[in-house]
Amino acid sequence: MPSLPAPDHAPLSMDRRRLLGLGVGAVAAAATGATVSGAPALAGPPAKDGPWSPGFALLGDTQIDVDLPDRTEGVRWTYEQIAARNPEIVCHVGDIVEHGSVDEYDTYLGTIPASLRPRIRHVPGNHDWRWDSTAGKRYGSLFGPSRYSFDYDGLHFVALDPSHLLQEPGGFGDSGIEWLTRDLNRVAPGVPIVLLCHFPFGGDNYYVSDQERLLALLDRYDVRVMFAGHVHAEQVQRFNGVTQLAVDDTRGSAVYYWVQRVAGPEGQLLKVTAVQRAADGSAETRPVLDIPIDGPKIAAEQRPQAVSLTPAGTALAVSVRLAPRAEAANVQAQLFPQHTYGLKDAGQWRNLTADGAGRRFTGGLDVSALPPGEHRMTVRVTDADGAWYEQTRTFALPDTARRLRWSEQLGAPVQAGLAVRDDLLVAATTGGTVIGARPTRRGLSRRWQARTGPVHGRPAFAPDGRTVYVPSDDHRLYALDAATGRRRFAHDAGAPVLGSPLVTTVDGRTVLVISAGETRQAVDARTGDTVWNVPGQGMFAGRAASDGTRVYAGAGDGNVYAHDARTGAVLWSFSTTSRTTAYSRLIYGPWGDTLEVLPNGLVLVSTVANAFALDPATGEPRWSVTGSYIYAPKLLLDNGDVLMFDDGGRTASRVDPATGQARWTTGLGARPVNTGAAIHGNVAWTPTTTGLLVGLDLTTGAVRTRLQLTTRAYCYSPPVVVGDLLLVGDQDGLLHGVAVD
C-alpha cells in the first residue's frame with residue numbers, strides 16, 4: 001500500500017513533526033484501507049449486510065489561532081470527546097487553522113490525543129494555505145495529498161480540493177474533474193460514495209466557480225453524501241441524488257458529528273447525530289438527520305429530460321420537459337448569479353408554467369441587462385418533500401462587435417502571469433509554463449517556451465526589453481532571454497517568490513526587488529547576485545515600489561516598510577491596521593498590495609479597509625480613503641492621476657494624487673479582484689474576477705462597452721494590450737484575445 005511522499009523540504013522546525021505527518025498517513029492507511037497518495041483508490045465490493053463499525057466522527061472549521069486560547073480549548077474538548085468513542089476514522093472538512101503558520105499547526109496537533117492522530121482524514125479549507133504556499137507544503141508534510149480517496153465501512157470516500165492559492169473561492173478546472181472521474185470510474189457497482197470538501201455545493205452556495213461540472217458527475221455515479229463546512233452553520237440540503245450536510249463550526253461551538261451506518265426500515269442509512277459542549281461542560285447529543293445510501297437516489301426522477309433555451313430580444317425563452325415518472329411540486333428557472341463571488345445567494349427564481357399534462361414547463365427570463373457573451377442559467381425541479389434537481393446550462397448573447405477574437409489553452413491557470421513589451425507577450429502559468437508569443441487577431445504566434453516553477457505573480461521586463469524576469473513558487477526568480485526564452489540566471493531566493501518583481505534603478509544599477517517568504521531581497525538584474533536580504537518582514541505577495549532612494553513594501557504583519565534602497569535597512573514602518581492578532585493583522589494589512597510611488601512622491605499602499613498616501617521620508621499619512629483597494633493594481637495615468645479599484649465596492653475611480661479625492665467613480669457590476677485594467681486610447685479595459693469585461697472612458701468614467709468574457713473560470717490576471725488586442729488570462733488556463741479598437 002502506498003505511503004505518504006517524503007517532504008522535499010523541511011517547513012517545520014523539528015523532525016518529530018515530519019515523522020508525525022508520515023505517521024498520520026501511513027497508520028491511517030493500515031487502519032482504514034485508505035489510499036494516501038493522490039492516486040484514485042480502487043473501491044472493493046459493497047458490504048451490504050455489514051457488520052459495520054460503531055461509526056466515525058466528522059467535524060470542520062476548527063480554525064486554530066494561537067492568539068485565541070479559548071478556541072483551542074474548545075477544539076481540545078471536542079477531540080477528547082471523539083477519542084473517548086475510539087472511532088477508526090475522523091473526517092475533518094477543512095479550515096483546520098487560521099492561516100497555516102507553524103505555530104498554528106503545532107497548536108492544532110497538540111489538541112488531539114496521540115492515539116487519535118493517525119485516524120484523522122483532512123481536506124484543506126481556504127484558510128489552511130490561501131496566503132502562503134509554504135503553508136500548503138506544510139499541510140502536505142503533515143496530512144498528505146490534498147485530494148485522495150479511501151474505502152471504509154463499505155463506503156468509498158473522496159476528498160476534494162478545488163482551492164486556489166492566494167484566493168478565497170475555488171474552481172475544479174478540467175484537471176480536477178478528470179481526476180475525480182478517474183477515481184469514480186474505479187468504484188465497484190453498489191458502493192455508496194461520500195464526497196468530502198470544505199466548500200458546499202448547489203442550492204444557495206456559490207463558492208466554486210464551476211460547481212456545475214461536479215454536479216454533472218453525480219448522475220453517472222452512486223454519490224449519496226457530501227460533507228462540507230465553510231458556512232459556519234449546520235445546513236442540510238437534498239438535491240441531485242445526494243444529501244449534503246454542511247457542519248457547524250467547531251471553532252465557535254465545540255461540536256462534532258457522529259455518523260453510523262445502520263439498517264433502516266427502507267434500506268441502508270447513515271445516521272448523523274451532533275455532540276456539542278453544553279454550558280456546564282458536559283456533552284449534549286441531538287439527532288441531525290438520516291441519509292439514505294441505497295435504493296432510489298433523492299430527486300433523481302426530477303431530472304429534466306430536456307431543457308431548451310431560445311434568446312428572443314430581451315428575453316430568454318425556457319422550456320423544460322420532465323420524465324413521465326416525475327412528480328414536481330414546482331419547476332423554476334433563474335439567471336445564474338454570475339457575479340456572486342464566494343458567497344451564498346438565494347437567487348431570483350421564477351416559476352415556470354406547466355402544460356395540461358404537467359410534463360412541460362415554460363417561461364421566460366429577462367436578459368435585457370446582460371452584456372454580449374456567454375452566460376449561464378439554472379433550472380430547478382423540486383418535489384413535494386423539498387428535495388430538488390438542479391441543472392445549469394449556458395447560452396450566448398450575440399457579440400455583434402466581434403470583440404472576442406480567440407481563446408487559447410495554455411495548460412494551467414494564468415493567475416497573474418502576463419507581461420508585454422512592444423509586440424512581445426510573455427505569459428506564465430501556475431503549471432510552470434512560460435511562453436513568448438506575438439499575438440494577432442488570428443491567435444498566438446508562439447516564439448518560445450520555457451519551464452519554471454508555478455507562477456502566481458506578473459513577470460517584468462528589463463528596461464531595455466531584452467530580459468524578462470519571472471517569479472516562481474519554486475523559490476526562484478528566473479531571468480529569461482526575451483527573444484529566445486533561454487535562461488540567463490535563476491536566483492535562489494530560499495522561499496517561494498509569489499508576488500511580482502519590481503525592476504528599479506539604484507545608483508545607476510538595475511536591481512530587482514522581490515519578496516520570498518518573510519524576506520525582502522534586492523537582486524542584481526544582470527547577474528542574479530544578492531544585493532541585500534532583509535529577514536523577518538512577514539509574507540508579502542504583492543509588489544514593492546521604489547523612488548531610487550527607498551524601497552517600499554507591504555508585509556503580512558500589517559505594516560508597510562521603507563528600506564534603504566542601497567542596503568535594505570529599515571528606515572521607517574507604518575501600521576496599516578489597528579488589529580492585534582497575527583491572523584487579523586495579516587488579512588487586514590497590505591499583504592497582497594501593489595504599491596506605487598505617486599508623481600508627487602507620496603507612497604500609495606492599500607488594505608481591504610483603506611488606501612494610504614504616505615510621506616516617503618517619514619511614513620506619515622498625508623491622506624487616506626476608505627475602500628478595499630489592495631487587490632487590483634493601481635494605474636498611473638499620463639497626467640499624474642491614479643486609477644484605483646475598490647474590490648468591496650465594485651468600483652473604479654480616477655483619483656487626484658494630491659488629495660485622494662475622486663474625479664469620478666463608476667460601478668463595475670462585479671469585483672475586480674487582482675485584475676486592474678489596461679489602457680488603450682482613452683479607455684481603461686477592466687476584466688472583473690467573474691469574467692465581465694468593462695471598458696471605461698478615462699475622461700468621464702462612463703461605461704463604453706461590456707462583454708461577458710468567461711463564465712466557469714475566475715479571472716485574476718491583470719490584462720495587457722498588444723496593438724489593438726487586449727489579452728486576459730483565466731483560471732481554466734485560457735488566454736483570451738479581445739479586439740479593443
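Above this text is the structure in question.
Rules used in this analysis
- Sequence order as written defines the numbering, with residues in each chain counted from 1.
- Since the coordinates come from a predicted model, pLDDT governs what is reported: local features require at least 70, and pairs of side-chain atoms require 80 or more to be given and counted, while whole-chain, interface and lining totals use all residues.
- Derived side-chain values reflect all non-hydrogen atoms in the structure, with water molecules and hydrogen atoms excluded from consideration.
- Numbering of helices and strands starts at the N terminus; helices are DSSP runs of H or I of at least 4 residues and strands are runs of E of at least 2.
- As defined in this context, the radius of gyration uses C-alpha atoms, and a globule is described by 2.2 Å times the residue total to the power 0.38.
- In this scheme, a residue with accessible area under 20% of its type's maximum is buried, one over 50% is exposed, and one in between is partly exposed, where area comes from a 1.4 Å probe on protein chains only.
- The accessible surface values rely on the Shrake-Rupley method and a 1.4 Å probe; as for residues, cover is taken only from the protein chains in view.
- Charged-residue counts in this description rest on Lys and Arg as positive and Asp and Glu as negative, His and the chain ends being excluded.
- Charged groups are reduced to one reference atom each: NZ for lysine, CZ for arginine, CG for aspartic acid, CD for glutamic acid.
- A helix is expected to reach a length of 1.5 Å times the quantity of its residues less one.
- Whether two residues are in contact is decided by their heavy atoms: any pair within 4.5 Å suffices.
- Simply put, an axis is a line fit to the C-alpha atoms, just over the touching stretch for a helix, and the angle between two N-to-C directions goes from 0 to 180 degrees.
- With respect to orientation, any angle under 35 degrees is reported as roughly parallel, any angle over 145 as roughly antiparallel, any angle of 65 to 115 as roughly perpendicular, and every other angle as oblique.
- Left-handed is the label given to a crossing in which the near helix is rotated counterclockwise from the far helix by less than a right angle, and right-handed is the label when the rotation is clockwise.
- Asp, Glu, Lys and Arg are counted as charged, while Ala, Val, Leu, Ile, Met, Phe, Trp, Tyr, Cys and Pro are counted as nonpolar; the rest, among them Gly, fall into the polar class.
- Stacked, tilted and edge-to-face are the three classes assigned to paired rings of Phe, Tyr and Trp, where Trp is represented by its six-membered ring and a pair needs centres within 6.5 Å; plane angles under 30 degrees give stacked, over 60 edge-to-face, the rest tilted.
- The rule is short: NZ of Lys or CZ of Arg within 6 Å of the ring centre and within 35 degrees of the ring normal puts a charge over the ring.
- Salt bridges are identified by distance alone: a Lys or Arg side-chain nitrogen within 4 Å of an Asp or Glu carboxyl oxygen.
- In this analysis, strands are considered paired if DSSP registers two or more bridges between them.

Draft legend 1. Summary view of the overall build of the protein. Of regular secondary structure, the protein possesses nine helices and 55 strands. The globule rule puts the C-alpha radius of gyration for 741 residues at 27 Å, and the 27 Å found for the protein is close to it. Out of the 741 residues in the protein, the part that is buried amounts to 63%. Summed over all atoms, the accessible surface of the protein reaches about 26,400 Å², with 48% contributed by carbon and sulfur. Across the protein, 69 positive and 76 negative side-chain charges occur, with their mean positions spaced 5 Å apart.

Draft legend 2. View of helix 6 (residues 173-185). Taking 1.5 Å as the rise per residue, helix 6 with 13 residues should run 18 Å; its terminal C-alpha atoms sit 19 Å apart, in good agreement. Among the residues of helix 6, G173, G176, I177, W179, L180, T181, D183 and L184 are the ones counted as buried. In this structure, the buried side of helix 6 is in contact with strand 5 (148-152), strand 6 (155-159), strand 7 (193-196), helix 7 (211-218) and strand 9 (223-228).

Draft legend 3. Here's a closer look at the packing of helix 6 against helix 7. It is at 10 Å that the axes of helix 6 and helix 7 come closest, and there the two elements cross at 20°. One way to sum up the angle between helix 6 and helix 7 is to call them roughly parallel. Seen from above, helix 6 lies across helix 7 with right-handed handedness. Between helix 6 and helix 7, the contacting residues are G173, D174, I177, L180 and T181 on the first element and R213, L214 and L217 on the second. Considering only residue class, the contact of helix 6 with helix 7 consists of four nonpolar, two polar and two charged.

Draft legend 4. Seen up close, the packing of aromatic side chains. Per the counting criterion, the structure on display carries 21 aromatic pairs. Among the aromatic residues, those joined into a cluster by ring pairs are Y79, Y105, Y108, W129, Y139 and F143. Taking the ring centre of F150 as reference, the NZ or CZ of R121 above it sits at 5.1 Å. Directly above the ring of Y588 sits R579, whose terminal nitrogen or CZ lies 3.8 Å from the centroid.

Draft legend 5. View of the pattern of salt bridges. By the definition in use, this model includes 29 salt bridges. With its nearest N and O atoms 2.9 Å apart, the salt bridge here joins E98 to R71. One end of the pair, E98, is in the loop between strand 3 (90-92) and helix 3 (102-110); the other, R71, is in helix 2 (residues 69-85), with 27 residues separating them in the sequence. Since its relative accessible area comes to 3%, E98 is described here as buried. With a shortest N-O distance of 3.1 Å, D290 and K271 are connected by a salt bridge. Of this pair, D290 sits in strand 14 (residues 283-292) while K271 sits in strand 13 (residues 267-277); the two residues are 19 residues apart in sequence, bridging distant segments of the chain. Here the salt bridges do not stand alone but share partners, grouping D174, D210, R213 and D732 into one network.

Draft legend 6. Summary view of the pairing of strand 38 (residues 550-554). For strand 38, the buried fraction is high: five of the five residues fall into the buried class. Residue alternation in strand 38 divides its side chains into two sets, R550, Y552 and G554 and V551 and A553, and both sets are buried. One ladder, built from two bridges, connects strand 37 (residues 545-546) with strand 38; its direction is antiparallel. The partner of S546 across the bridge, within strand 38, is V551. Linking strand 37 back to strand 38 in an antiparallel pair, the connection comprises three residues, with G548 at a positive phi of about 90°. Judged from the five bridges that link them, strand 38 and strand 39 (residues 559-564) form a sheet pairing that is antiparallel. Opposite A553, over in strand 39, you have Y561 as the bridge partner. Connecting strand 38 to the antiparallel partner strand 39 that follows it, the hairpin turn spans four residues, and G558 within it adopts a positive phi of roughly 90°.

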